[in-house]
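Overview (structure and organization)
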Amino acid sequence: MNYNLRSSPINYFKLLKVVISRWYWLLIALSFGLVSCYLYLIFTPKEYKSSASLKYEDKKSEISELLSVRNLYDRTNKVESEKSIILSRKVLSAAILALDYQVIFFEKVNFSLIAVYPRKPINVVFLNKNTSATVKHRFKYSQVDKKQFELCLKTENIDFCKIYNYNQPISVLEFVITINDHLWNEASSPVFFKIADPNELIETIQRGVKIDDSQNTNILKIKYIGTNSAFCADILNAILDEYLKFDVKQKENTLAQTSKFLNLLLAEISSKVEISGSALQSFKETNNLSNTNSLAAENHLILEKIGTEKHLLDVDSKVLRFVSSRITENPLKGISTYNLQGLTDPQLQGLVEKYQQLNLTLREKLKVYTSDSDPVQFLDSQIKDLQSSIVKSLSEHLNLNLQRTIFLVRLADSIKTVLKTIPKIENAANSLASSFGLDQKVQEFLAHKKLETQIVNAAITPIATILDRASYPIEPIGPITLSCYLVATMFSILGGTFAIITIHLYNPFIYTKEHIEELTAIPILGVVNKSYNQPQSRDNQIVLQDFPRSSFGESIRFIRSNLNFIAPDKGKVICITSAVSGEGKSFLSINLAYSLTLIQKNVILIAGDLRKSTLHASFNLPNSNGLSKYLSGQTDLKSICAKTYISNLDIITAGPTPPNPSELLQSHMMNCLIKELRLFYDVILIDSAPIGLVSDIKPVMKLADVNLFIVRCGVSKPSYTQTAERLKEELNLASIAIVLNDFKSDNFHNHYYKDSR
């Protein structure tokens, strides 16, 4: 069966009373929350945040005009590339080295060890350090006197405490250190320190650095969050400085390789100039020639110009082939730098610069991700697209140079045909002069390019400038003491309230009259208040006799009054039952019988539970003769009716337990007993067996004028009320009512629904 309560609006005032009734639960929850907050504040180190910002140069890219597809290398990729460089191990390692952070010192705050950077309580000097070795455990340093100290180290394999002299070499694992004595006065208490592990520091810094690129500007905001305010600012400034140095170094490497390439070309052409000049001078001296303005000289001048252009085309083609060969190499063998100064096309220069940048980003990504990860695959796709565009552009330039060279060769051939008619000596002299002049111009061109490279190298600037350097944070960002206590208080109260309402809502027992009314339509005859008074005699259960003015006594008298309206005065038969034992049937039967005698009613109390009756003990009567013997025909009515010490109250005890109690109660003898008792008594009270355990009492309930179904507060379950419903339908009972027993007023168990009636 479904025993869900009806759906009614909530009375929030009653709900508040339910919560307040268990105020001590809220107090316990609040205490637990505040203690938890206190422990959290003790064991959690405070965190600080330091911020800085970079401004990048504004450059307009024209790559999209060269490519026929959408520009994939927008600001997002630029920022992602720079973020990878900022967080690269090379930059972070240089930043750590700049801080000289080889030893980390700690002090005990509350129950935690907190780094005390930049303070150095003692001076630890490395005499020999293995860069590949790491020590993840902390040393404990304690002063002994001005000359000695104690050093302790406890690991899985090492556990020692030794006394050393100051400035004495100490071999620990793969390190050799010494501790100087000039700072010993500052170390009055034990000092904890550990040898910094660069890999661990880099991972810690990478977790602490936060880069904000949400704004669509050329300004990059960088934050660092850590437990040491000074370290937050210093490491952030060191990272920015080393990042800019790294950028300048990359540009210097590029220009250095360009300069080296120009030097090779310049040395080659200088040798040719020297040879051609010597040949011309020797020819002139041998043939005693002078300068002329003849037609041959003019033609040779044209040939000289053609040769100059052809040499320039050859140099340009060499540069293009050099770049093409480097572009097709595997970029992961090393970041290639190219002769960007030799590229005459600015758009092609932009493509090559972007290609270098993407290769650098790919190498940094491969240190973090695998080659088949999405970020690496995305960058690899970009590099392949750009590589294809560069190779295509280089090929087009080479083809143009080739066509121009072919044209110049043909033009030169035509001029040479004309020159055949010129005297051979003059022609030879002019040819040597033309070759010499051509070599000089090429030499001047290369020298000019070298000078340009040197000027650019002298004027190198970083890719960005530092707008705001990091400063030492004063106030921590967390945990905030006030916020912690406010949150703990709020959640404690909410959690306590939720627990109270949940326990109240899912309570498996009946506590109130309203709860019964929501479960069943059977009327409630009355509510018997809990008796807090103890009878004078241990066996005496008649509380009403000893405490007539108690709330319990008033509730019994209220039920007695209601009984007068639902049954005749003479020969009224009342059967009292319940779903299970322990719900107070016998206790209520005795006190109700006593209350009826107070209004001069002649009452007889029958122990109808032939299996487990205790009524005889309450009146100090024997149980050797009783109802079971009468129903089995072993005795008569007069012998089983016993007088009690209470006036107008008689009792029929249960008698010995029979083997067939159900059959006896269904016999005609029971009907005869009730009929005969109606003639002599005003009220016949039957204390029956629990109907939920046995079915003995069903025939007796049919004989009763009133059936009282007892429900005990805090003991009976909601399903027990359905037993009363079933009995009413099954036995066709005309009058059945529920009595709520052992009721105690408690706002916690009150229902917080509004009365919809």
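Summarised in this report is the structure supplied together with it. Starting from 1, residues in each chain are numbered consecutively following that chain's sequence as written. Local features are withheld for residues below a pLDDT of 70 in this predicted model, meaning they are given only at 70 or higher, and side-chain atom pairs are given and counted only at 80 or more; totals for whole chains, interfaces and linings count all residues. Each side-chain value is worked out from all heavy atoms of the structure, with water and hydrogens disregarded.

What about the packing of aromatic side chains?
Here is the rule: Only centres within 6.5 Å qualify two rings of Phe, Tyr or Trp (six-membered ring in Trp) as a pair; their planes then separate them into stacked at under 30 degrees, edge-to-face at over 60, and tilted for everything else. Secondary structure elements are taken from DSSP: a helix is a run of H or I of four residues or more, a strand is a run of E of two residues or more, and numbering for both begins at the N terminus. Each residue is assigned to one of three classes by its accessible area relative to the maximum for its type, calculated with a 1.4 Å probe on protein chains only: buried under 20%, partly exposed between the two thresholds, exposed over 50%.
Following the criterion strictly, the structure yields 13 aromatic pairs and no others. Considering the side-chain rings of Y117 and F231, the 5.5 Å spacing of their centres and the 90 degrees angle between planes classify their relative orientation as edge-to-face. One end of the pair, Y117, is in the loop between β3 (112-115) and β4 (124-129); the other, F231, is in helix α7 (residues 229-287), with 114 residues separating them in the sequence. Per residue, the accessibility class of Y117 equals that of F231, and both read buried. An aromatic cluster is present here, built from Y101, Y117, Y224 and F231 joined pairwise through their rings.

A short note on the sheet that holds strand β11 (residues 209-212)
Filter applied, for reference: The criterion for strand pairing is that DSSP finds at least two bridges linking the strands in question. Axis geometry follows a simple rule: fit a line to the C-alpha atoms, using only the stretch in contact for helices, then measure angles between N-to-C directions, giving values from 0 to 180 degrees. Residue contacts are defined here by distance: any two heavy atoms, one from each residue, within 4.5 Å place the two residues in contact.
Pairing is antiparallel in the open sheet, where four strands are placed in the order β11-β12-β1-β13. In the strand order of this sheet, the two ends are held by β11 and β13 (464-468), each with one partner. Strand-to-strand twist across the sheet, computed as the mean angle between neighbouring axes with direction ignored, equals 30 degrees. Bridging between strand β1 (residues 48-56) and β13 involves four bridges; their strand directions are antiparallel. Across the sheet, residue Y56 finds its bridge partner in β13, namely A464. Contacts between helix α6 (residues 198-208) and the sheet are confined to β11 and β12 (219-226), with β11 contributing the most and set at about 35 degrees to the helix.

What to know about the environment of L366
Mapped onto the secondary structure, L366 falls in helix α9 (residues 346-366). Sequence separation between L366 and V376 is ten residues; the distance between their C-alpha atoms is 6.9 Å.

Description of empty space enclosed by the protein
Selection criterion: Grid points spaced at 1 Å and placed over the protein atoms alone form the basis of the search, with a cavity being a set where a 1.4 Å probe fits but cannot get out and a pocket an open set showing protein on both sides within 12 Å along at least five of seven lines. Lining residues have an atom within 4 Å of a point. Grid points are joined across faces, edges and corners, and a volume is the space filled by probe spheres set on the points.
Overall, the coordinates contain four cavities of 30 Å³ or more when judged by the stated rule. As a volume, the largest cavity reaches approximately 60 Å³. Surrounding the largest cavity, I556, I559, I576, L588, L592, L708, I710 and V739 form its lining. Elements that contribute at least two residues to the lining of the largest cavity include exactly α15 (551-563), α16 (585-597) and β20 (706-712).

Some details on a nonpolar patch on the surface
Let me state the cut-off plainly: Here a patch means residues that are over 30% exposed by relative accessible area and free of salt bridges, tied together within 9 Å if like-charged and within 5 Å if nonpolar (Val, Leu, Ile, Met, Phe, Trp, Tyr). Each accessible area is a Shrake-Rupley estimate made with a 1.4 Å probe; only the visible protein chains count as cover when residues are assessed. Any carboxyl oxygen of Asp or Glu that lies within 4 Å of a side-chain nitrogen of Lys or Arg is treated as forming a salt bridge with it.
On the surface, V35, Y38, L39, F43 and F111 cluster together into a nonpolar patch covering about 540 Å² of accessible area. You can see F111 is positioned in the loop between β2 (103-109) and β3. Note on F111: relative accessible area 61%, which makes it exposed.

A few points about the pairing of β20
Regular strands show a simple pattern: their side chains alternate between the two faces of the sheet. The test is simple: Note on handedness: a crossover is taken as right-handed if, strands pointing away from the viewer, the path from the first strand over the helix to the second is clockwise.
With six of seven residues buried, β20 lies mostly within the body of the structure. Summarising the sheet, strand β15 (residues 572-578) and β20 pair through five bridges and their orientation is parallel. By the bridge assignment, S578 is partnered in β20 with I710. Strand direction decides the pairing type here: β20 and strand β21 (residues 736-743), joined by six bridges, are parallel. Pairing of R712 across the sheet is with N741, part of β21. Taking the sense of rotation as the criterion, the β-α-β connection linking β20, helix α23 (residues 720-731) and β21 turns out right-handed.

Considerations on the layout of surface pockets
Within this model, the second largest pocket holds a volume of roughly 610 Å³. Lining the second largest pocket are 27 residues, with F106, A115, L201, T204 and T227 sitting closest to its centre. Those elements giving two or more residues to the lining of the second largest pocket turn out to be β2, β3, α6, β12 and α7. With six residues, the single largest contributor to the lining of the second largest pocket is α6.

None of this, on its own, says anything about what the molecule does.
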